[in-house]
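Remarks on the overall topology
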Amino acid sequence: MTEPLPAPALILRLALIALPVVVLAAGLAYVHGLFDPGRLTPALFVDTLQANNGVYAGYRRNHAKGVCVTGWFDSNGQLQGVSRAALFAPGRTPVVGRFALPSGNPYAPDSSVPIRSFALRFTQADGQQWRTGMNSMPVFAVGTPQAFFAMLKAGSPDPATGKPNPDTLKAFFASHPETAGFLAWVKTAHPSASYATERYDGLNAFYVVDTGGKRAAVRWRVTPLGQQAQASQGEGSDYLAQDLEQRLAVGPLRWRLEVAFAAPADPTDDASKAWPAERRTVVAGTVVLNKALAQNEGPCRDINYDPLVLPDGIQASADPLLPARSAAYADSYLRRTREVGALHAHPEARP
Amino acid sequence: MKLVPQHFAPLARGLHWAMAVMLLAMLFIGAGMVASVSERHVWLLNVHKPLGIALLALAVVRLCVRLGTRQPPLPADLPMPQALAAKCSHGLLYALMLILPVLGWAMVSAAGDPVTLAPGVQLPALLAANAGTFALLRKTHGYLAYLLFLTVLLHLAAALYHGLIRRDGVLRSMASGR
Ligand code: HEM
Ligand code: HEM
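About the criteria used
Residues numbered from 1 in each chain as written. Chains lettered and ligands numbered in written order. Predicted model: local features only at pLDDT ≥ 70, side-chain atom pairs only at ≥ 80, totals over all residues. Heavy atoms only, no water. UniProt positions renumbered as here; feature names shortened; annotations may be inferred. Core = buried A, V, L, I, M, F, W, Y, C linked by side-chain atoms within 4.5 Å. Buried < 20%, exposed > 50% of the residue type's maximum accessible area, 1.4 Å probe, protein only. Donors = N, O, S within 2.8 Å, 3.2 Å for Na, K, Ca; no water. Helix = DSSP H or I, 4+ residues; strand = E, 2+ residues; numbered from the N terminus. Pairing = 2+ DSSP bridges. Axes fitted to C-alpha atoms, helices over the stretch in contact; angles between N-to-C directions. Parallel < 35°, antiparallel > 145°, perpendicular 65-115°, else oblique. Left-handed = near helix turned anticlockwise from the far one by under 90°. Tetrahedral: all angles 85-135°; square planar, octahedral: opposite > 155°, others 65-115°. Phe/Tyr/Trp six-rings, centres within 6.5 Å; stacked < 30°, edge-to-face > 60°. Lys NZ or Arg CZ within 6 Å of the ring centre and 35° of its normal. Near = heavy atom within 4 Å. Polar contact = N/O pair within 3.5 Å; in protein donor to acceptor, adjacent residues only side chain to side chain. Contact = heavy atoms within 4.5 Å. Disulfide = S-S within 2.5 Å. Buried area = accessible area lost by both parts, 1.4 Å probe. Salt bridge = Lys/Arg side-chain N within 4 Å of Asp/Glu carboxyl O. Nonpolar A, V, L, I, M, F, W, Y, C, P; charged D, E, K, R; others polar.

Under an unreviewed UniProt entry, the name given to chain B is Cytochrome b, and the source organism is Pseudomonas typographi. As recorded by UniProt, the Sequence similarities (unreviewed entry) comment attached to chain B reads in full: "Belongs to the cytochrome b561 family." Quoted verbatim from the Cofactor (unreviewed entry) heading of the UniProt record, the comment on chain B is "heme b".

The name given to chain A in an unreviewed UniProt entry is Catalase-related peroxidase, with the source organism recorded as Pseudomonas typographi. Turning to chain A, the UniProt annotation filed under Cofactor (unreviewed entry) states: "heme".

Points about the nonpolar core
Ranked by internal contacts, the top residues of the largest apolar core, which has 41 residues, are A:Phe73, A:Phe88, A:Phe99, A:Phe118, A:Trp220, A:Leu244 and A:Trp255. Residues A:Phe140, A:Leu152, A:Ala154 and A:Ala328 belong to the second largest nonpolar core, which totals 26 residues.

Overview of the coordination of the iron atom of ligand 1
Exactly one protein atom donates to the iron atom of ligand 1; that atom is A:Tyr329 (OH), 2.1 Å from the metal. Looking at the secondary structure, you find A:Tyr329 in helix α7 (residues 321-337).

Some thoughts on the UniProt feature "domain: Cytochrome b561 bacterial/Ni-hydrogenase" (unreviewed entry) in chain B
In this structure's numbering, the residues bearing the UniProt feature "domain: Cytochrome b561 bacterial/Ni-hydrogenase" (unreviewed entry) are residues 8-177 of chain B. Within residues 8-177 of chain B, the helical portion is 75% and the strand portion 4%, while the C-alpha atoms at the span's ends are 8 Å from each other.

Concerning the pairing of strand β6 (residues 206-209) of chain A
Residues and elements named next belong to chain A. Side chains Phe206 and Val208 project from β6 onto one buried face, and the interleaved Tyr207 and Val209 project onto a second face that is buried too. Summarising the sheet, β6 and strand β7 (residues 215-224) pair through four bridges and their orientation is antiparallel. Residue pairing across strands places valine 208 opposite alanine 216, the latter belonging to β7. The hairpin turn running from β6 into β7, its antiparallel successor, is five residues long, and glycine 213 in that turn takes a positive phi close to 90°.

Quick look at the packing of helix α1 (residues 10-33) of chain B against helix α2 (residues 39-68) of chain B
Residue and element names in this part refer to chain B. At a minimum axis distance of 9 Å, the contact between α1 and α2 shows a crossing angle of 150°. Of the possible angle classes, the one that applies to α1 and α2 is roughly antiparallel. The hand of the α1/α2 crossing is left-handed.

Here we look at the coordination of the iron atom of ligand 2
All names here are of chain B. Protein-derived coordination of the iron atom of ligand 2 comes from His48 (NE2) and His141 (NE2), at a distance range of 2.0 Å. Considering all six donor atoms around the iron atom of ligand 2, the spread of angles at the metal, 87 to 179°, places the coordination shape in the octahedral class. One end of the pair, histidine 48, is in helix α2; the other, histidine 141, is in helix α4 (residues 131-166), with 93 residues separating them in the sequence. Histidine 141 sits in the buried class, given a relative accessible area of 14%.

Some points on the packing of aromatic side chains
Residues and elements named next belong to chain A. All chains considered together, the criterion is met by 21 aromatic pairs over all chains. Ring plane angle 40° and centroid distance 5.6 Å describe the contact between phenylalanine 99 and tryptophan 255, whose orientation is recorded as tilted. With phenylalanine 99 in strand β2 (residues 91-100) and tryptophan 255 in strand β8 (residues 253-261), this pair connects stretches of sequence that are 156 residues apart. Note on phenylalanine 99: relative accessible area 0%, which makes it buried. Aromatic rings pair up to connect Phe73, Phe88, Phe122, Trp130, Phe206 and Trp220 into one cluster. Over the face of the ring belonging to tyrosine 207 we find arginine 215, whose NZ or CZ atom lies 3.9 Å from the ring centre.

Concerning the site of ligand 2
Residue and element names in this part refer to chain B. Around ligand 2 sit 25 residues, and of these His48, Met107, Arg138, His141 and Tyr146 come closest. Arginine 138 places a polar side-chain atom, nitrogen or oxygen, 3.1 Å from an oxygen atom of ligand 2. In the model, a nitrogen atom of ligand 2 is placed 2.8 Å from a nitrogen or oxygen of the histidine 141 side chain. At the level of elements, α1, α2, α3 (80-110) and α4 are the ones that each hand at least two residues to the shell around ligand 2.

Some remarks on the environment of A:Ala216
All names here are of chain A. Mapped onto the fold, alanine 216 is located in strand β7. Spatially, the C-alpha atoms of alanine 216 and alanine 262 are 7.7 Å apart, while their sequence positions differ by 46 residues. For alanine 216, the contacting residues outside a window of four places in its chain are Phe206, Tyr207, Val208 and Phe261.

What about the state of the cysteines?
What makes a disulfide is a covalent bond joining the sulfur atoms belonging to two cysteines. Residues and elements named next belong to chain A. Tallied over the entire structure, the rule returns one disulfide over all chains. The side chain of cysteine 68 participates in a disulfide bridge whose partner is cysteine 300; the two sulfur atoms lie 2.0 Å from each other. Between cysteine 68 and cysteine 300 the disulfide shows an S-S torsion of about -75°. By sign, it is left-handed. Linking cysteine 68 in strand β1 (residues 66-75) with cysteine 300 in the loop between β9 (281-294) and β10 (314-316), this pair joins segments that are 232 residues apart in sequence. Under the relative-accessibility criterion, cysteine 68 is labelled buried at 0%. Residue cysteine 300 is classed as buried on the basis of its relative accessible area, which comes to 0%.

Considering the packing of helix α2 (residues 42-53) of chain A against helix α3 (residues 145-154) of chain A
Residues and elements named next belong to chain A. Taken N-terminus to C-terminus, the directions of α2 and α3 make an angle of 25°; their axes are 10 Å apart at the nearest point. On the basis of the axis angle, α2 is roughly parallel to α3. The way α2 lies across α3 gives a crossing that is left-handed. Counting all contacts with α2, which are made through Leu44, Phe45, Thr48, Leu49 and Asn52, the residues of α3 involved are Pro145, Phe148, Phe149, Leu152 and Lys153.

As for the interface of chain B and chain A
Taken together, the 39 residues of chain B in the interface contact 42 residues of chain A. In total, chain B and chain A occlude about 3500 Å² of area from one another, counting both sides; carbon and sulfur atoms represent 69% of this. At the surface where chain B touches chain A, the tally comes to one salt bridge. Of the charged contacts in the structure, one is a salt bridge between A:Arg131 and B:Asp113, with a shortest N-O distance of 2.8 Å. At the junction of chain B and chain A, the tally comes to 10 residue pairs in polar contact (both at pLDDT 80 or more). Going through the elements one at a time, α1, α2 and α4 of chain B are the ones with two or more residues in the side of chain B that touches chain A. With 16 residues, the top contributor of residues to the side of chain B that touches chain A is α4(B). The class makeup of the residues in the side of chain B that touches chain A is 23 nonpolar, eight polar and eight charged.

A word on the UniProt feature "transmembrane region" (unreviewed entry) in chain B
Residue and element names in this part refer to chain B. In the numbering used here, UniProt assigns the "transmembrane region" (unreviewed entry) feature to residues 15-38, 89-108 and 143-164. Spanning residues 89-108, this segment combines 100% helix with 0% strand, and its end C-alpha atoms are found 28 Å apart. Measuring from the first to the last C-alpha atom of residues 143-164 gives 31 Å, for a span that is 100% helix and 0% strand.

Here you go:
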């Protein structure tokens, strides 16, 4: 060891050692959000969903009540000119899907909301996947994660009453004019008696990419093929799953996969704005379902229908809801996969 | 008589500094992406996965280089506890460097997600999909990443202590030489 340092030099050098350590630690804390507790994070979204709906161990923190389905996609080849994704070549691709209600409460009555959802995972022979979650409405209520968060907050229970305050929600909608399209739809919407008769819209825009790398902005939806609405809804509050079982006992259910192409002026970054109905639409094929399984044991349980799991040939748009969904779904997925044991302990028992 | 090396081999030094920068970047990318819902989340995750796998490849090369070259010895007068701490922390750094990317790959596999490094570029699954396994691996990936960060900070402080206080040539052995 060399000569000892005089005290001032020693102190200076110790400070020089501490400096990079402190800067790095503070930097990591900063990017992790430690210094801005108000930052919109995936955890904050999921915490708020839990505050609004309650915590149901093992269940999705949103769209909690649902049922798994399996089947396949028969591609007619119509889309392969504009998307190089293998599943759009003529042929069959297996799918695992899930129908659900949008609420985070797995015991919500089927008649409590007019919205139903349909998520699909397509698995190509090469292992690439396409996952999409669609809702039975023509537009999303809001266009940004910030507005969605504000909407969740406005729907949070009031500490005084334990219920959401209608005035807070009213004030939210009044201050968010982009919700007009959604509110107009809600006025006319009724809870359907069946998952099978609904049209489900992907809402967010994406790009399809051809073999030459050319991109085209699209939105997709599935429309029911020949499923008849029954005269009345079933008994009780869980009639949707029963209806699905009964229909599948008779035969498979079908939806047409329709892909609408944006005109140059159509918004690709705002899911609260519908595109005009006359946009050029290509039918890519048929989604066929032939089996339903209870979600606690079914193959959809452990799938995160992250809308950014895309095959080569489909790309995300700049829609800001997409990264927010991807991040929040990952957080919800981690919370619920840690709790899968709780699902076996009380299969579908009511609390 | 063969001379005792004063410096790490040039290849070892190159790998050390390149990986130091990349690992720190990975830690900041990881910590940042899980706290963001913006475009940044996706952008960072799309860097995180291929960079993490590149680091796995580099870590394997580095382990071979480490086993295949001679290291300069620690100063003979280094107190025993410090020498032990040096050996243990280096062992921990190697272990975490190898384990973390494997954990990342395994946990993405256990979620049943395709291990996508770039559009159309996919690694095979390391494990079959299993929810419980995913949750365990994902938590471990987080904890071990922050353990790596703490170990790196300790390592950095120790290196500067050797360079600025002890001035015993330990920092120089990694910083320069032929
Ligand atoms: C920033 C906005 C949004 C947030 C924070 C959000 C949050 C969530 C969360 C946390 C889940 C549960 C995920 C899981 O545990 O697997 C979920 C499920 C779902 N979300 Fe969203 N969501 C958003 C926007 C949307 C939009 C725009 C759509 C429609 C296109 C949508 C459709 C769905 C569907 C269909 C599911 C159920 C998927 C399944 O059945 O597993 N969400 N959402
Ligand atoms: C040297 C290698 C790596 C380091 C240092 C590292 C570090 C990190 C860190 C610090 C986090 C945030 C943990 C948290 O706060 O919970 C993280 C998350 C994550 N890492 Fe890594 N990682 C590495 C390799 C990988 C690899 C190779 C993959 C996959 C191929 C991967 C996939 C992920 C994923 C998917 C997340 C979670 C993202 C989310 O939940 O939104 N990591 N990583």
